[in-house]
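# Examining the three-dimensional arrangement
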Amino acid sequence: MIEEERNIDQENPVITIRDLYKSFGDLVVLDGINLDVFKGENVAVLGKSGTGKSVLIKIIAGLLKPDSGLVEVLGQKVDKLGLRELQQLRLKLGFSFQNSALYDSMTIWENLEFPLVRNKRNLTAKEVKNAIESVLDDVGLPQTINQMPSELSGGQKKRIGIARTLILQPEIMLYDEPTSGLDPATSIEINNLIKQVQLQYNTSSIIITHDLTCAKATADRVAVLLNGKFYITGSFEEVFNSTEPNIKTFYDYNFITN
Amino acid sequence: METVPKVLPKNKYVVSRRVDAFFSDIYHIWIFILRFFKEVFSSPFEFKEVVNQCYHIGLKSLSLVSLTGLVTGIVFTNQSRPSLEVFGASSWLPSLVAIALIRALAPLVTALIVAVAGKVGSNIGAELGSMRVTEQIDAMEVSATNPFKFLVATRVLATTIMVPVLVMYTGLVGMMGSFLNVHQNEETSFPAFFKSAFASITFLDIYASVIKAICFGFTIGIASCYQGYNAQKGTQGVGRAANLAVVLSMYFIFIEEITIVQIFNNIRTLLL
């Protein structure tokens, strides 16, 4: 495990969510949720599949619009921003997709170069090369630089997906099911990488998962999303020891399926 | 950005589901076109990607365009000969073929068979559709790049530039095919054939053909990108996007063909 030497600034939330509602047709997905994520903190959002966990971080990243409620990221109201302001904010946000979402017609080099050269246009070719090599070293995959995404394993794709976000030096990381579909050994590697990113890049993160091991390994705080609401928020131990029936049902379900 | 909702909520239709969806689609395509014009004229410009798309759309279609143009020229000449021979007018074949190819066949054949049905439209629809359902477009958005500018504006610009080039090339190859047939049957020389052919073509014919091709190219780009960019529902959605890209492009091309022909016929009448 990676040694932890960091401070969580409890006074400064980097993400503030108040009374957030989102529905698709008649289906209410988020039913008035509240959440603060503080600087330097990793928060895991646990919940069964289809409970709106991914919807939550897509709203934070401005990919979906909420029906109502406040979503503030680094002091800016996400749903009130114009395209240019939103793009400026997204430079400080990293989003790791569930299926990695690597650009499959590009090599790994091009995948990493794509956001970098479009957002930092004054970089020299050498600086671009150094940045790409550095971030590939950080995720432990320098040998994949000229490969295509189709030639990588699931775990490698996740790492490259994380590398692609890290290349812009984000302040906040949003991980969507980082360990889903991975074997236990690779899951542990990804969990360690999430912790490494938190320490090395001093990021705050929301980790969307239904994997208790991932939540335990990576999160400072856990929030359980059930039926569109956060039923409980606290440390992993506090949540795990909860006697709330809905929470216990979730854990039972999780142990059976995992 | 949220994708365009394809199904309106139940029991909330103004007329009926299909009619409402049709007008909703028209509205969203209109917004899509406006956004294209906004993005294409604002910096940063993706010159490299436009050139890349021109290469894929133009150069990689050359073999198919050549074959189609050549066959069209040969077959059209062969089929027209008996009718002209009845009146002893087979010497008019070069003029007839030139007018038919430049005014109608080259733009329509290139747009329908090669650019739309054959290759480009379905390719763009499937490519962007696949990128949408695998969240690659979302990934571009969250990495602070503008996927509309990179994926849509570049492709629409490339089709608008390359379809006219392909149309002119199809016309030229079609004329060559026609010459081969005429030369074999009537032993007409190369200069005599082209002198006769170009004598009947006016600048207005070429101008109309280019305008038509620009409209077709723009339509193919917009229709295909719209379907691909707004694809939904997994792999089925990708297939649907590719299919609708072709169908939608064809409908619009037919409407444009009739409209532009009518406009230029009126102009021709006014000038005579």
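Summarised in this report is the structure supplied together with it. (Residues numbered from 1 in each chain as written. Chains lettered and ligands numbered in written order. Predicted model: local features only at pLDDT ≥ 70, side-chain atom pairs only at ≥ 80, totals over all residues. Heavy atoms only, no water.)

### Re the overall build of chain B
- When you go through chain B residue by residue, the secondary structure sums to 10 helices and zero strands.
- Along chain B, helices (α) and strands (β) appear in the sequence α-α-α-α-α-α-α-α-α-α when read from the amino end.
- When the backbone C-alpha atoms are referred to their principal axes, chain B occupies close to 65 × 45 × 35 Å.
- Considering chain B as a whole, with its 272 residues, one finds that 49% of them fall into the buried category.
- Considering only residue pairs separated by 6 or more positions, chain B has 82% of its internal contacts joining residues 24 or more positions apart.
- For chain B, the accessible surface area stands at approximately 13400 Å², while carbon and sulfur atoms represent 70% of it. (Helix = DSSP H or I, 4+ residues; strand = E, 2+ residues; numbered from the N terminus. Buried < 20%, exposed > 50% of the residue type's maximum accessible area, 1.4 Å probe, protein only. Contact = heavy atoms within 4.5 Å. Areas by Shrake-Rupley, 256 points an atom, 1.4 Å probe, with all protein chains shown as cover.)

### Focus: the overall build of chain A
- Scanning chain A for helices and strands turns up nine helices and 10 strands.
- Computed over C-alpha atoms, the radius of gyration of chain A comes to 18 Å, within 12% of the 18 Å expected from 2.2 N^0.38 for 258 residues, which places it in the range of a compact globule.
- Viewed in the frame of its principal axes, chain A has a C-alpha envelope of about 55 × 40 × 40 Å.
- For chain A, with 258 residues in total, the buried portion stands at 52%.
- The long-range fraction of contacts in chain A, counting pairs at least 24 apart against all pairs at least 6 apart in sequence, stands at 68%. (Rg over C-alpha atoms; globule rule 2.2 N^0.38 Å.)

### Overview of the packing of aromatic side chains
- Counting across every chain of the model gives 20 aromatic pairs over all chains.
- Geometrically, the ring pair formed by F114 of chain A and F150 of chain B is edge-to-face, given 4.8 Å between the ring centres and 80° between the ring planes. Highlighted residues: F114 of chain A in helix α3 (residues 108-119) and F150 of chain B in helix α7 (residues 147-186), drawn from two different chains.
- When the centroid spacing of 5.2 Å and the interplanar angle of 70° are considered together, the rings of F36 of chain B and F37 of chain B count as edge-to-face.
- Owing to a relative accessible area of 3%, F36 of chain B belongs among the buried residues under this scheme.
- Linked through ring pairs, F179, F190, F193, F194 and F198 of chain B together constitute an aromatic cluster. (Phe/Tyr/Trp six-rings, centres within 6.5 Å; stacked < 30°, edge-to-face > 60°.)

### A closer look at the interface of chain B and chain A
- Of the residues lining the interface, 21 residues belong to chain B; the matching set on chain A comes to 28 residues.
- Here chain B and chain A share an interface that buries about 2100 Å² over both sides, 54% of which is from carbon and sulfur atoms.
- At the junction of chain B with chain A, the criterion picks out three salt bridges.
- R90 of chain A serves as the salt-bridge partner of E141 of chain B, at 3.6 Å between the closest nitrogen and oxygen.
- Where chain B touches chain A, the interface holds seven residue pairs in polar contact (both at pLDDT 80 or more).
- No other element matches helix α6 (residues 136-142) of chain B, which puts six residues into the side of chain B that touches chain A. (Buried area = accessible area lost by both parts, 1.4 Å probe. Salt bridge = Lys/Arg side-chain N within 4 Å of Asp/Glu carboxyl O. Polar contact = N/O pair within 3.5 Å; in protein donor to acceptor, adjacent residues only side chain to side chain.)

### Notes on helix α3 (residues 62-86) of chain B
Residue and element names in this part refer to chain B.
- Here α3 spans 37 Å end to end across 25 residues, near enough to the 36 Å set by a 1.5 Å rise per residue.
- Residue S80 marks the point of greatest curvature in α3, where the axis turns by about 30°; the proline P82 follows within four residues.
- Two residues or fewer after α3 comes G88, characterised by a positive phi angle close to 65°. (Expected span 1.5 Å × (residues − 1). Bend = angle between axes of the 7 residues up to and from the residue.)

### Thoughts on the packing of α7 of chain B against helix α8 (residues 190-199) of chain B
Residues and elements named next belong to chain B.
- Closest axis-to-axis distance for the α7/α8 pair is 10 Å, and the angle between their directions is 125°. In terms of orientation, α7 lies oblique with respect to α8. In this structure, the crossing between α7 and α8 has a hand that is right-handed. For the pair formed by α7 and α8, the contact residues are M175, M176, S178, F179 and V182 on the first element and F190, F193, F194 and A197 on the second.
- For the contact of α7 with α8, the residue count by class is eight nonpolar, one polar and no charged. (Axes fitted to C-alpha atoms, helices over the stretch in contact; angles between N-to-C directions. Parallel < 35°, antiparallel > 145°, perpendicular 65-115°, else oblique. Left-handed = near helix turned anticlockwise from the far one by under 90°. Nonpolar A, V, L, I, M, F, W, Y, C, P; charged D, E, K, R; others polar.)

### What about the pairing of strand β8 (residues 204-209) of chain A?
Residues and elements named next belong to chain A.
- Burial analysis of β8 places six of its six residues in the buried class, which makes it a mostly covered element.
- Here β8 shows no split at all, with S204, I206 and I208 on one side and S205, I207 and T209 on the other all buried.
- The sheet contact formed by strand β3 (residues 42-46) and β8 spans five bridges and is parallel. Paired with V45 across the two strands is I208, which belongs to β8.
- For strand β7 (residues 172-176) and β8, the ladder comprises five bridges, and the chain directions are parallel. Residue pairing in the sheet places D176 in a bridge with I208 of β8.
- A crossover connection joins β7 to the parallel β8 through helix α6 (residues 184-200); in handedness this β-α-β unit is right-handed. (Pairing = 2+ DSSP bridges. Right-handed = clockwise from strand over helix to strand, strands pointing away.)

Any functional reading would require information that these geometric values do not contain.
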